[in-house]
Amino acid sequence: MDTEECKQSMIDSRFAGRAGALTNCRVRKSMLHRLKDTDESRVETKGSSRLLRRRAAYQRSAQYAYVQTKLQLLGIIGLFGFPAYWVVWTQFYPQPYENLTLRLLGAAAAIPFIIERWLPPRLKALMPTYGFVFCTLALPGFFTFMSLMNGANMVWQTSLIASFLYLALILDALYFILSVVAGMGFGLGVYLLTSSLPVPDAFLDAWPIYLFALSAGGIFNYAEALNRAEDRIRAARAVGGTIAHEMRTPLLGIRLDAGGGGERLDGLLRDDPALTAAMRAEGEALAAAFRRIESHSLYAETALNLMLANLAGPRPAEIFEDLRMADLVAAALDRFPFRGLERAKVSVDVRQDFAVRAAPILLTQVIHNLLRNALRAVAEARHGEISIRLERGRLESRLIVHDTGLGIPAHRLRDLFQPFTTMWAGSKGVGLGLSFCKKAVEDMGGRITVTSRSGTFTQFTIRFPALPD
């Protein structure tokens, strides 16, 4: 090999080495970026999981708040009733089997409900779970075991049915059924482990009575829940009527002042030739702001009236109009009070525009409610985007609001449109937003559905009958 070939070979080797080093550097950077993205994804997933757990804990706390007073009373009854009935069943009406240790344990287990207000916050957070466990073990669990140990005689069979009654007064329908089944199973299991005697025939023969008591308690609880919801709706209607009455006066004043101020400003701009171009431009901008204030106040008053009418009953047909959905979506987004960079997170696809017969202000409120929920889901998840799109069909057309935020647990979806149901931990709302959306959409001849996956996405789909364009 001559000298020139040697030099060229050395140069090629250097370039090859640099290229290899550069390639390795790029590979390392790519791997670092992937690891970083993976770590960020894990952090976001953990954050979403924490938010979902916090939301579930809030729901349990909200349900527990309703039965808290009942459990305090049950705690007082348990504290004194467990030992008192030991005296009754041993001294006055002796039974074949009694257990003072079990009764003292039951009395001690009731104490946390009595002293709950003085417990530290960490223990208070455990009270919803503790309340369900206590009810399950202290009522159907204890009484099933004692009934079996006493040969399922009349006294203890009656006492077991009475425990169902107590439980039905405390828990809602689903938790009542779960508690009875779990408690009786626990009591039966303890009996089989601690006794050498077979299960009494009287206990087995009474299963139709237990089933009847269980179904009666579930029906009673369900009916009570419906009545409770109706009472809350009536209360909300009464409060809403008062608020509406008080709000109409200032809204009317705002509208009149804004209209009058705009007219006077228009007059000054028209009649004063001494105004400079810059002053005239500022004046026209201020006049436009007055007109917007007047329009917003009128819109607020109308929306308030319609939302109150949503609680009262069906809306009159004259409020419905023939609309283009794309125009209505654009107007709804224009009126929505976005904060900061929120608007940039929302993409809109209205290429498949369609006609719809609806109440414009009512449907705007529906879009605002769904958009507000989507923005909050994205904000709490700290990632995600929102899309609003239209899909025109031959039989029905759809308005879809989709977000890739926090998502909703599957077990919460069935109650999502029920009144007074809220998904947000620590929320100050009353949970009427989505029930309002459902009723409003149905009054306009449509239907609304939801699909979701925890930590991934939520999608609301509003379907309207297809109209000729």
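Everything quoted here is computed from the prediction, not taken from an experiment. (Residues numbered from 1 in each chain as written. Predicted model: local features only at pLDDT ≥ 70, side-chain atom pairs only at ≥ 80, totals over all residues. Heavy atoms only, no water.)

Counting secondary structure elements, the chain contains 13 helices and seven strands. Within the span of the chain, comprising 469 residues, buried residues form 38% of the whole. Summarising the internal contacts of the chain: among those between residues at least 6 apart in sequence, 74% fall at separations of at least 24. (Helix = DSSP H or I, 4+ residues; strand = E, 2+ residues; numbered from the N terminus. Buried < 20%, exposed > 50% of the residue type's maximum accessible area, 1.4 Å probe, protein only. Contact = heavy atoms within 4.5 Å.)

Taken together, the buried positions of helix α10 (residues 325-335) are occupied by M325, A326, L328, V329, A332 and L333. Down the axis of α10, the sector holding all buried residues measures 165 degrees, keeping them to one side. Exposed positions of α10 whose direction lies more than 90 degrees from the buried face are D327 and D334. (Arc of directions from axis to C-beta.)

Residue placement: S147 occurs in helix α4 (residues 127-149). Those residues in contact with S147, other than ones at most four positions away along the chain, are A152, W156, Q157 and F203.

Right, let's get into the nonpolar core. Counting residues in each nonpolar core, the largest one holds 42 residues, and the members touching the most others are M325, V366 and L370. Mapped by element, the contributors of at least two residues to this core are α10, β3 (355-358), α11 (360-381), β4 (386-391), β5 (396-403), α13 (433-443), β6 (447-453) and β7 (457-465). The element that contributes the greatest number of residues to this core is α11, accounting for nine residues. When residues no more than four places from it in sequence are discounted, the contact partners of L370 are V401, L434, C437, I448, F460 and I462. The next biggest cluster of nonpolar side chains, apart from the first, holds 37 residues, and it includes L148, L171, V180 and F203. (Core = buried A, V, L, I, M, F, W, Y, C linked by side-chain atoms within 4.5 Å.)

Time to look at the packing of helix α2 (residues 100-114) against α4. As a packed pair, α2 and α4 sit with axes 11 Å apart at the nearest point and diverge in direction by 155 degrees. The angle between α2 and α4 places the two elements in the roughly antiparallel class. Relative to α4, the crossing made by α2 is left-handed. Here L102, R103, G106, A109, A110, P112 and F113 of α2 lie close against α4, whose contacting residues are M127, Y130, G131, F134, F142 and F145. (Axes fitted to C-alpha atoms, helices over the stretch in contact; angles between N-to-C directions. Parallel < 35°, antiparallel > 145°, perpendicular 65-115°, else oblique. Left-handed = near helix turned anticlockwise from the far one by under 90°.)

Turning our eyes to something else, we now look at unusual backbone geometry. Leaving glycine aside, a negative phi is the common case for residues, and trans is the common case for peptide bonds. For A152, which is not glycine, the phi torsion reads 55 degrees and is therefore positive. Residue position: A152 is located in the loop between α4 and α5 (154-170). At R382, a position not held by glycine, the phi torsion is positive, near 65 degrees. Looking at the element boundaries, R382 is found in the loop between α11 and β4.

Its 23 residues place the ends of α4 31 Å apart at the C-alpha level, agreeing with the 33 Å of an ideal helix rising 1.5 Å per residue. Judged by how many residues are buried, α4 sits mostly within the fold: 17 of 23 residues are covered. G151, located one to two residues past α4, shows a positive phi value of around 70 degrees. (Expected span 1.5 Å × (residues − 1).)

Under the counting rule described, the total for this entry stands at 14 salt bridges. Among the ionic pairs, R389 bridges to E391, the shortest N-O distance being 3.1 Å. Among the ionic pairs, E396 bridges to R463, the shortest N-O distance being 3.2 Å. Of the two residues, E396 sits in strand β5 while R463 sits in strand β7, which places them 67 residues apart along the sequence. Residues joined in a network through salt bridges with shared partners are R389, E391, E396, R398, R447 and R463. (Salt bridge = Lys/Arg side-chain N within 4 Å of Asp/Glu carboxyl O.)

Attention now moves to the packing of α11 against α13. Across the interface, α11 lies against α13 with an axial gap of 10 Å and an inter-helix angle of 145 degrees. Seen from above, α11 lies across α13 with left-handed handedness. Across the interface between the two elements, L362, Q365, V366, N369, L370 and N373 from α11 touch G433, L434, F436, C437, A440 and V441 from α13. By residue class, the composition of the contact of α11 with α13 is eight nonpolar, four polar and no charged. (Nonpolar A, V, L, I, M, F, W, Y, C, P; charged D, E, K, R; others polar.)

This paragraph deals with the sheet that holds strand β2 (residues 346-349). Ordered in space as β2-β4-β5-β7-β6, the five strands form an open sheet in which the pairing is mixed. Two strands bound the open sheet, and with one partner strand each, they are β2 and β6. Sheet twist, expressed as the mean angle between neighbouring strand axes with direction ignored, is 15 degrees. Sheet topology places β6 next to β7; seven bridges connect them, and they run antiparallel. What sits directly across from R453, in β7, is F457. Along the sheet, α10 makes contact with β2, β4, β5 and β7, crossing β4 at roughly 160 degrees. (Pairing = 2+ DSSP bridges.)

To continue, consider the side chain of Q95. Structurally, Q95 can be placed in the loop between α1 (3-92) and α2. A relative accessible area of 17% means that Q95 is categorised as buried. Engagement of the side chain of Q95 in a polar contact is seen with the side chain of N153, the distance being 3.0 Å. The contacts of Q95, once residues within four sequence positions are left out, are W89, N150, N153, V155 and W156. (Polar contact = N/O pair within 3.5 Å; in protein donor to acceptor, adjacent residues only side chain to side chain.)

Right, let's talk about the packing of aromatic side chains for a bit. Scanning the model with the defined rule gives 15 aromatic pairs in all. Ring centres 5.9 Å apart and planes at 45 degrees place the aromatic pair Y85 and W89 in the tilted group. Separated by four residues within a single helix, Y85 and W89 lie in helix α1, roughly one turn from each other. Judged by relative accessible area, Y85 falls into the partly exposed class, the value being 45%. (Phe/Tyr/Trp six-rings, centres within 6.5 Å; stacked < 30°, edge-to-face > 60°.)

Function-wise, these values are silent; they only describe arrangement.
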